[in-house]
Amino acid sequence: MLGTGSPRPDLERSGPAQVLHINSNPILIDCGEGTTTQLLKANIPPENVNVLMFTHLHSDHFFGYGQFLLGGWGRGRRKLTVVGPKGIREFHETVINMYKDDIAYRVSLGRPENGVLDVKIIEFDQAGEIHVDIPAKVTAKEMVHNVPTFGYRFEIDDMVIVFSGDTAPTPNIVELAREADVLVLDAALSKTGVYRDTKDPELLKIWENLQKEHCTPEQAGNIAQEAGAKKLVMTHFLPNVIPEEVKEEAEGRFTGESIVAEDLMEIYI
Ligand SMILES: [Zn+2]
Ligand SMILES: [Zn+2]
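As recorded in an unreviewed UniProt entry, the chain goes by the name Ribonuclease BN (tRNA processing enzyme), listed as coming from Oceanobacillus polygoni.

J.: I'm lost on the coordination of the zinc ion (ligand 1) in this one. Help?
T.: Octahedral metal centres with six donors ideally show angles of 90 or 180 degrees, and tetrahedral centres with four donors ideally show 109.5 degrees. The coordination sphere of the zinc ion (ligand 1), as far as protein atoms go, consists of His-56 (NE2), His-58 (ND1), His-145 (NE2) and Asp-166 (OD), spread over 2.1 to 2.3 Å. One can describe the site at the zinc ion (ligand 1) as irregular: its 4 donor atoms subtend angles covering 90 to 170° at the metal. As a motif over one chain, the donors of the zinc ion (ligand 1) read H-x1-H-x86-H-x20-D. A separation of 3.4 Å is found between the zinc ion (ligand 1) and the zinc ion (ligand 2), both of which receive a donor from Asp-166. Linking His-58 in the loop between β3 (51-53) and α2 (59-62) with Asp-166 in the loop between β9 (159-163) and α6 (171-176), this pair joins segments that are 108 residues apart in sequence. Across the pair, exposure class does not vary: His-58 and Asp-166 are buried alike.

J.: Please clarify how the coordination of the zinc ion (ligand 2) should be interpreted in this entry.
T.: Each protein donor to the zinc ion (ligand 2) is listed here as Asp-60 (OD), His-61 (NE2), Asp-166 (OD) and His-236 (NE2); together their distances run 2.1 to 2.2 Å. For the zinc ion (ligand 2), the 4 donor atoms in the first shell make angles of 89 to 165° at the metal, a pattern classed as irregular. Taken in sequence order, the residues that donate to the zinc ion (ligand 2) follow the motif D-H-x104-D-x69-H.

J.: Hey, could you run me through the pairing of strand β10 (residues 182-186) in this one?
T.: For a regular strand, side-chain orientation follows a simple rule: the groups alternate between the two sheet faces. Within β10, 5 of the 5 residues are buried, which leaves the element mostly enclosed by the surrounding structure. Judged by which residues are buried, β10 turns out to be covered on both faces: Val-182, Val-184 and Asp-186 on one side and Leu-183 and Leu-185 on the other are all buried. Where β9 lies against β10, 3 bridges are found, and the strand directions are parallel. For Val-162, the partnering residue across the bridge sits in β10 and is Leu-183. Note on the crossover from β9 through α6 to β10: the handedness is right-handed. Pairing of β10 with strand β11 (residues 231-235), which is carried by 5 bridges, proceeds in the parallel orientation.

Parameters and conventions
- Counting from 1, residues in each chain are numbered in the order their sequence is written.
- Chains carry letters and ligands carry numbers; both start at the beginning, A for chains and 1 for ligands, and go up in the order they are written.
- Owing to the predicted nature of the model, reporting of local features is limited to residues with pLDDT of at least 70; listing and counting of side-chain atom pairs is limited to 80 or more, with chain, interface and lining totals taken over all residues.
- Remark: hydrogens and water are excluded; side-chain values derive from all non-hydrogen atoms of the structure.
- Water is not among the atoms examined, so metal sites may look incomplete; donors are the N, O and S atoms within 2.8 Å of the metal, or within 3.2 Å for Na, K and Ca.
- Irregular is the default label, applied whenever a site is not tetrahedral (four donors, all angles between 85 and 135 degrees) and neither square planar nor octahedral (four or six donors, opposite donors over 155 degrees apart, all other angles between 65 and 115).
- Going along the chain from the N terminus, every DSSP run of H or I of four or more residues is numbered as a helix, and every run of E of two or more is numbered as a strand.
- For every residue, the accessible area obtained with a 1.4 Å probe (protein chains only) is divided by the maximum for its type, and the residue is called buried under 20%, exposed over 50%, and partly exposed between those limits.
- Only when DSSP finds a minimum of two bridges between them are two strands counted as paired.
- The crossover handedness rule: strands pointing away from the viewer, path from first strand over the helix to second strand clockwise, crossover right-handed.

What follows is the structure, given as structure tokens:
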């Protein structure tokens, strides 16, 4: 768990990002603000990450992309595949365009263009199997959020790891997470975050609308229970969330193991 935060900047929680390690293959899932430094803190050289999979194109999930792309290249990455829903190619090209003079300068210093100007983009707009060159079967399913958002299910031998991305409760996440060993799930809407006790009508309106976009820890517990998941890892927290209460909210619904993610937490299967 590289970053367990949300769009609100937070010293305790970096922007949303996870790394799935399959043996020595690190696969990055989302790339929020601070992802590259979080990789360094986790002792995962960013240049060794050759696959990045975006769940959706919300700023909190991609703020770290420029740094990851150019910083990893600067450290020697010569191959990168980026996977994501429709829009990912345009997003990538926009970033490249934004930094084209900078890239040209670095190429003029003698750095090869590979790894930055030849990034392989895999764009998809439908649920189903995604063919990525990694030692896992990858299936995507559409989540309920306000831009096209896909959760990913990774099957490695008989192990199953699922990342929801951002989502409100939906039968699709239950199906995607069926019998998962680990389900990493959006549980942004804990009552204990920054919206607690607010009387501010503007904040109350936002809080109400957020119910259509994310899960509460209680709903996360329901989803994990219904899916028959073994371990629920909750993430995407607002500042000042109280982990014990998040855990309690989920444990009321889920009989498996509930984990409230923290930055740099490692989960083994
Ligand atoms: Zn989102
Ligand atoms: Zn988000």
